[in-house]
Amino acid sequence: MSEEEEQVTNDSPRAEPEHEFGFETRQLHAGQRPDPNTGARAVPIFQTTSYVFEDPESAAAYFNLQEYGNTYSRIMNPTVAVFEERVANLEGAAGAVAFASGIAAQAAALFTLLEPGDHVVSSSALYGGTVNQLKHLLRKMNVELTWVDPDDLDAWRGAVRPETKAFFAETIGNPAGNVLDIEPVAAIAHEHGVPLLVDNTFATPYLCRPIEWGADIVIHSATKFLGGHGTSIGGVVAEAGTFDWSNGRFPVVADPSPAYHGLQFHETFGMYGYLMKLRAETLRDLGGALSPFNAFLFLQGMETLSLRMERHVTNARRVAEFLQGHELASKVSYPGLPSSRYRPLVDKYLPGGPGAVFSFDVAGGRAGGQALIRGVNLWSHLANVGDAKSLIIHPASTTHRQLGDEELAAAGVGPGTVRLSVGTESVDDLLWDLERGFANVAATLEKESAPA
Ligand SMILES: *Cc1c(COP(=O)(O)O)cnc(C)c1O
């Protein structure tokens, strides 16, 4: 090993030119080789805020972005860098930047390319926290927003304005399980010189890689399936590196930046221009950096990503089939069911299965939904998804509590809608526990309909 190579810690093992490593190999190795100084096989947790410079010249080169080196852990950290490199590798991206949460990742991804007066077109079928963020945060930035039905290609096309700077959608949307037709939506965005941003949280790169279908920027809440064990909050933005930021629509990325002494990010860094700006400006100025310890936990989770996702998917399919056959359940939104209108899109974009988060309606409205939640025990009643443990929530009692029945309907949520995140337990135990929940629903409905 040459001296130069020895200093590189965040480098992947190299595949020979005639051999490409598979996903299961890369989820274990991408972005890391054993630490050359200590031989540590696991990724070390570099729990440090800052890094000693060799001399004033190299310090200056780092701060000028003439050389890439560690300065301060708000901007970069070697443990976080392995996580970023691993996500970028699995998504087929040029690179990635990690954040303290999925919401921070989304805010930063948009903030980097938007200016006051701009316009964003977004799918309306999104995670609730994202709906709030887009609705209120963008307005504060004086950016306008148009919601579109993600299934309606004409709506995407019709919403574009001269000031439009981004299309935003989720691979698998909430709560109807909409599967995004990524390829034509990306094509419409590109016809207008606009990038497509896709939140790939529910699919993970194991089940779908949106960049392969034309998406430009992929965002994750790593809190969910990437981490996979419900321990840590974090997010990440990966960029394909192929979007032409100098197409005239994005002076904010292409022109000399006053926030970085006149640096022209796109011209200077080429395919890494957007990512460099995302890190050196947006992460620097908004903060929201991922902690090295959380990066370590995400890396632990990602080592088994494919194994967990396969199991999540098989269990989800079994649970969806069980619910579809249940007399107290209806409107099972799992897009993997043969009856789903999204089945052709699942076959195209998600051949390994459409994840493990979906909703259904319990008979008896609010009372029915609540009775089911009270009746189950193994399913954890909480507001999260993507844990190896199975999770359940009744939106009308929790996340959507403030809404009346009509507003609920507009959000695509019924009074009896229950959302599941199917975990990796023995599936028979999950069905057994749901059956106990339904027994409680039946008892509650009987009591309600009994004459007083
Ligand atoms: C959880 C989630 C987010 C927000 O991520 P946090 O890590 O909670 O900030 C964004 N999008 C989707 C699809 C999510 O599930």
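Bear in mind that the values here come from a model prediction, so they are computed numbers and not experimental data.

S.K.: It is not clear to me how the domain arrangement of the chain should be interpreted in this structure. Could you clarify?
M.R.: Interface size is often expressed as the accessible area that is lost when the parts come together. If you check the domain split of the chain, you get domain 1 (23-301) and domain 2 (305-449). Relative placement of domain 1 and domain 2: their C-alpha centres are 30 Å apart. Tallying the contact residues gives 33 residues for domain 1 and 34 residues for domain 2. For the pair domain 1 and domain 2, the summed buried surface comes to about 2700 Å²; carbon and sulfur atoms form 61% of the total. Between domain 1 and domain 2 we count two salt bridges in total. Along the contact surface separating domain 1 from domain 2 lie 13 residue pairs in polar contact (both at pLDDT 80 or more). Broken down by secondary-structure element, the contributors of at least two residues to the side of domain 1 that touches domain 2 are α2 (23-29), α8 (182-191) and α9 (204-207).

S.K.: Looking at this structure, how should I read the pairing of strand β7 (residues 235-239)?
M.R.: Here is the key point about a regular strand: its side chains alternate between the two faces of the sheet. Counted residue by residue, β7 has five buried out of five residues, so it is predominantly covered. With burial as the criterion, each face of β7 is covered, one bearing Gly235, Val237 and Glu239 and the other bearing Val236 and Ala238. Here strand β1 (residues 95-99) runs beside β7; their pairing, made up of five bridges, is antiparallel. Within the sheet, the bridge partner assigned to Ala98 lies in β7 and is Val236.

The rules we used
Residues numbered from 1 in each chain as written. Predicted model: local features only at pLDDT ≥ 70, side-chain atom pairs only at ≥ 80, totals over all residues. Heavy atoms only, no water. Domains from an automatic or database assignment. Contact = heavy atoms within 4.5 Å. Buried area = accessible area lost by both parts, 1.4 Å probe. Salt bridge = Lys/Arg side-chain N within 4 Å of Asp/Glu carboxyl O. Polar contact = N/O pair within 3.5 Å; in protein donor to acceptor, adjacent residues only side chain to side chain. Helix = DSSP H or I, 4+ residues; strand = E, 2+ residues; numbered from the N terminus. Buried < 20%, exposed > 50% of the residue type's maximum accessible area, 1.4 Å probe, protein only. Pairing = 2+ DSSP bridges.

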